[in-house]
Amino acid sequence: METEARTGGNPGEYNRRTTDYGDGRLEIAAYHSPRARRTGERLAASGRMPAPSDQTQEERTRKQLYAIRRRIKGYALANDFKWFATLTFDPGKVNSLDYGAAKATLLRWCRRTRDRHGKFDYLLIPELHKSGAVHFHGLLGDVPAGFEQAANPRTGKPIIRHGRQAYNLTDWEYGFSDCEPIEDRERAASYITKYVTSALLTDKEMYNKKRYFNSQGLKKPTVTYEMRDNAELGRFTPNFGVVETGKDGRNLVDIGIYNLSADPETGALSQEDADYLIVSKPDKSKSYSGN
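Residues numbered from 1 in each chain as written. Predicted model: local features only at pLDDT ≥ 70, side-chain atom pairs only at ≥ 80, totals over all residues. Heavy atoms only, no water.

## Describing the pattern of salt bridges
- A full pass over the atoms with the stated rule returns 20 salt bridges.
- For the salt bridge of Arg-16 with Glu-232, the shortest nitrogen-to-oxygen distance reads 2.7 Å. Taken together, the residues span a long stretch of sequence, with Arg-16 in strand β2 (residues 13-20) and Glu-232 in the loop between β13 (222-226) and β14 (240-245) at a distance of 216 residues.
- Arg-16 gets classed as buried once you look at its relative accessible area, which sits at 3%.
- Here Asp-121 and Lys-119 are joined by a salt bridge, their closest N and O atoms 3.0 Å apart.
- Judged by its relative accessible area of 17%, Asp-121 falls in the buried class.
- Beyond isolated ion pairs, a larger network of salt bridges with shared partners links Asp-23, Arg-25, Asp-80, Lys-82, Arg-185 and Glu-186. (Salt bridge = Lys/Arg side-chain N within 4 Å of Asp/Glu carboxyl O. Helix = DSSP H or I, 4+ residues; strand = E, 2+ residues; numbered from the N terminus. Buried < 20%, exposed > 50% of the residue type's maximum accessible area, 1.4 Å probe, protein only.)

## Observations concerning helix α3 (residues 185-193)
- Buried within α3 we find Ala-188, Ala-189, Ile-192 and Thr-193. The arc that holds the buried residues of α3, viewed along the axis, is 125°, so those residues lie on one side.
- The distance from a side-chain oxygen at the start of α3 to the backbone nitrogen of Glu-186 is 3.0 Å, and the residue carrying that oxygen is Asp-184. (Arc of directions from axis to C-beta. Polar contact = N/O pair within 3.5 Å; in protein donor to acceptor, adjacent residues only side chain to side chain.)

## Comments concerning the confidence of the model for the protein
- With 84% of its residues at a pLDDT of at least 70, the protein reaches an overall mean of 85.
- Below a pLDDT of 50 lies the segment residues 41-47, which in the model reaches seven contacts outside its immediate sequence neighbourhood of four places, other chains included.
- Confidence drops under a pLDDT of 50 for residues 285-291, and excluding neighbours within four residues, the segment shows 19 contacts in the predicted structure. (pLDDT = per-residue confidence, 0-100. Contact = heavy atoms within 4.5 Å.)

## What to know about the layout of surface pockets
- Each pocket or cavity is described by its volume, and for the second largest pocket that value is around 450 Å³.
- What lines the second largest pocket is a set of 16 residues, and nearest its centre among them are Phe-84, His-162, Arg-164, Glu-180 and Tyr-191.
- Among the elements of the structure, β4 (83-87), β11 (177-181) and α3 are those that each provide at least two residues to the lining of the second largest pocket.
- Taken together, the residues that form the lining of the second largest pocket break down as six nonpolar, three polar and seven charged. (1 Å grid on protein atoms, 1.4 Å probe; cavity = no way out; pocket = protein on both sides within 12 Å on 5 of 7 lines; lining within 4 Å. Points joined across faces, edges and corners; volume = space filled by probe spheres on them. Nonpolar A, V, L, I, M, F, W, Y, C, P; charged D, E, K, R; others polar.)

## Concerning helix α2 (residues 99-117)
- With 19 residues, α2 extends 27 Å from end C-alpha to end C-alpha; this agrees with the ideal 27 Å at 1.5 Å per step.
- Those residues of α2 not exposed but buried are Tyr-99, Ala-102, Thr-105, Leu-106, Leu-107, Trp-109, Cys-110 and Thr-113.
- On its buried face, α2 is in contact with β4, β5 (122-128), β6 (134-140), β10 (167-169) and β12 (213-214).
- Measuring from the backbone nitrogen of Gly-100 back to the side-chain oxygen at the start of α2 gives 3.1 Å, which picks out Asp-98 as the cap.
- Within two residues after α2, Gly-118 carries a phi angle of roughly 90°, on the positive side. (Expected span 1.5 Å × (residues − 1).)

Structure (C-alpha cells):
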C-alpha cells in the first residue's frame, strides 16, 4: 500500500529505507548491515506451501501485524484527516455480534455519507470484544457531517477530555459515537495503529476478512530503498534504536529509525521529535526483523 522506489547499488539490497509522507515528514530506517528485499516465500516441491509450524505461523502473524500497521500509519500521516472517531452499535438496531452485518452497516453509512457530502476520506479499524461484539475506531476527513458538542446526559455539562471538547456524530444513527478533532497527526497515527492487534489477526471470526477499511483515493507515502552512507544521520538521535555489541566490544546501532522533517526548499533535515526508545538486539537464536 506504499509507493516504492529504489536507487543505487544492487536493487535487491539496501541499508536505508526512507518513507516520505508528502508533508515534509520523513521516517528514515538506517541499517548497519545491508538488507535483502524479500521476494516471497518458497514453495515446496509439490508447488504447495508446506504446513507451517506453530513458530512459523507466529512469525508470519508478527510480520503481517507489522505490515498492516505500516499501511495504517502511512495512510494516517499522508492524508489530512480531521476527526478521530469511535462508532458503536445499538443492539436494538444492529447485531454487533454479527461481524458481517456490522461491517455492511458501516460501509453503507460510508457510501451514503459520500453520496450526501461528496468526497469523504475515512480509515476504519474493527475492534472485537471478548463477547464477540464489534465496534469501529477510525479517522474521518473534513466532511460537513453532523458533529455536535457532546454533553453529559445527567448534568448537561460539556464533555471535556484531555482538555478538548468531545463531539457526537448525529449522522451516525446506528448507535453511540465519540469524536475528537485531530490536533496532532503523529499522535493520531500512533493511536489508530494500536487497534491493529495480534488478536485481530488471529481471531477465527476474522479469518480471510479485511482488517481495516479505507476510502478510495487516499494518498500513500513514497518509500525509497537505497544504499547510502548512514554516517550522515549521526547528528540525530534514533527515535527507535536496536543496539548490539560489535566484535570490538563496542555498542553499535544495528537499526535506527528516525522521525525527521525536510525543509521544502532546501531539503535540509531536522529533528523535532525528541522521544526515543533504545533496546538491545534480541538473541540471534530468536527470530527478529526490523523490516
